[in-house]
Amino acid sequence: MGDSDKARIERLERELAAARKTVSALVARVERQADVDPDRFSILKAMAQLEEVIAARERDLARSEAWFRVLWDECPDMLVTLDREGHVQDRNRAARLAGLEEEFASAFEDHPGVRELMGQNLIDGELVLADGRPVHVHGVRLDGGMRLLVLRDLSVRRMLQEELNRTRRLAAVGQLAEAVAHEINNPLAVILGRLELLRSVEEPNPLELAHSLDVVQDHARRIGLISRNLHVFGRPGLGRQRHVRLSGLVERALGSGGRRMVDVQVDVSIEPPDLEVYGDPVQLEQVVVALLLNAADSMHRRGSIEVHARGTDRLRILEVRDQSSGLPEG
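Chemist: Could you give me a rundown of the overall build of the chain, with the residues and numbers involved?
Modeler: Helix and strand counts for the chain stand at 8 helices and 10 strands. Looking at the chain as a whole, 24% of its 330 residues are labelled buried. Counted over contacts in the chain with a minimum sequence separation of 6, partners at least 24 positions apart contribute 51%. With an accessible surface of roughly 23600 Å², the chain has 55% of that area assigned to carbon and sulfur atoms.

Chemist: Provide a residue-level description of a nonpolar patch on the surface, including the pertinent values.
Modeler: A cluster of nonpolar side chains, contributed by Val 156, Met 159 and Leu 160, occupies part of the molecular surface with about 310 Å² of accessible area. As for its placement among the helices and strands, Leu 160 is situated in helix H5 (residues 155-200).

Chemist: Any details on the nonpolar core? Residues and values, ideally.
Modeler: By size, the foremost hydrophobic cluster in this structure holds 20 residues, and its most contacted members are Leu 246, Met 261, Val 264, Leu 292 and Ile 305. For this core, the secondary-structure elements that each account for two or more residues are helix H7 (246-255), strand S7 (264-271), helix H8 (281-298) and strand S9 (303-311). The element best represented in this core is H8, accounting for 6 residues. When residues no more than four places from it in sequence are discounted, the contact partners of Leu 246 are Ile 270, Leu 275, Glu 276, Val 277 and Ala 309. Counting 17 residues, the second largest nonpolar core, distinct from the first, contains Val 80, Leu 100, Phe 108 and Leu 149.

Chemist: Give a detailed account of the environment of Val 190, specifying residues and quantitative values.
Modeler: With respect to the secondary-structure elements, Val 190 resides in helix H5. Here the alpha-carbon distance between Val 190 and His 219, two residues 29 residues apart in the chain, equals 7.4 Å. Setting aside chain neighbours within four positions, we find Val 190 in contact with Val 215 and His 219.

Chemist: Can you break down the pattern of salt bridges residue by residue, with the values?
Modeler: For the structure on display, the rule yields 9 salt bridges. Across the pair Arg 252 and Glu 285 runs a salt bridge whose closest N-O atoms are separated by 3.9 Å. In this pair, Arg 252 is assigned in helix H7 and Glu 285 in helix H8, connecting sequence segments 33 residues apart. Take Arg 252: its relative accessible area is 38%, and that puts it in the partly exposed class. A salt bridge links Arg 301 to Asp 297; its shortest N-O distance comes to 3.4 Å. For Arg 301, a relative accessible area of 37% puts it in the partly exposed group.

The rules behind the values
The written sequence of each chain sets the order in which its residues are numbered from 1. Only residues with pLDDT of 70 or above have their local features reported here, since the model is predicted, and side-chain atom pairs are shown and tallied only from 80 upward, although totals for entire chains, interfaces and linings are computed over all residues. Heavy atoms from the whole structure form the basis of all side-chain values; hydrogens and water molecules are not counted. Going along the chain from the N terminus, every DSSP run of H or I of four or more residues is numbered as a helix, and every run of E of two or more is numbered as a strand. Throughout this description, buried means an accessible area under 20% of the type-specific maximum (1.4 Å probe, protein chains only), exposed means over 50%, and partly exposed covers the range between. Should any heavy atoms of two residues lie within 4.5 Å, those residues are considered in contact. Every accessible area reported is derived by Shrake-Rupley at a probe size of 1.4 Å, with residue values counting cover from the shown protein chains alone. Residues enter patches when they are more than 30% accessible in relative terms and free of salt bridges; like-charged ones are connected within 9 Å and nonpolar ones (Val, Leu, Ile, Met, Phe, Trp, Tyr) within 5 Å. What makes a salt bridge here is a side-chain nitrogen of Lys or Arg within 4 Å of a carboxyl oxygen of Asp or Glu, nothing more. In this description, a nonpolar core means a group of buried Ala, Val, Leu, Ile, Met, Phe, Trp, Tyr and Cys residues linked to one another through side-chain atoms lying within 4.5 Å.

Structure below.
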């Protein structure tokens, strides 16, 4: 170790000793002051702790503000704060992209509707933006007459809902096609079988010929009824509604029953005889035919059926009763 190094170390030691003396003197001075005025030392200590707490709270507040600003700007919904007069005070990025300017109502198609909605204490409703997008608006009142509005774009949701409905309709069409194919194949098989049978007989018996033709006619009507039902199902608004006398309606339904109703006795009672109902004659006839044929089939096409119709000031009641055992209780 050289003389210069020793001299530097000695100088540092002297400076350190002097610093220690200074610190000791300051400590002694504080202790003397504490002995003279102990409350002052406690106050200084409490103030220092309070300053540390305030500094920590300021750091927490700064972090909270940063988080809030991120959530505010990155929220996919449109967020807007308005003053008492309905002017935009602050808006997030989604609201800026939607064209929400200083005058809030100018961003919508229905300006009076917006102003009416804004006049409510609890804001909750649907509006349409100037670009045609529907939005749901929900708002709350803040201090000082301010309002916070949350606007949620409904266009994507409705597009997805329409796509879902379209998929459901396609699935329903597939199920309907399967059911229709099954319903039509049965009477077609009977018709083709009867025609093949007639073709194989050189001189058919007139009674057998008449019976076979009745069967063919019955099942052809059944196919026509299925076709009409599909027509009504596909375009339900086609039917013309008018006043229909129930006596004629039941008579036409009996005539459409075919051979399935030949051995069935039908007693009709309508009170009053000129009782009418307002509706689509074709659809009403289909309903009555279905009731009569179901009743006949439940009795194996033999027995009696009672058809009773009555009316009040606002209602028309049509009852079809048969002699079958009915459905099991289970």
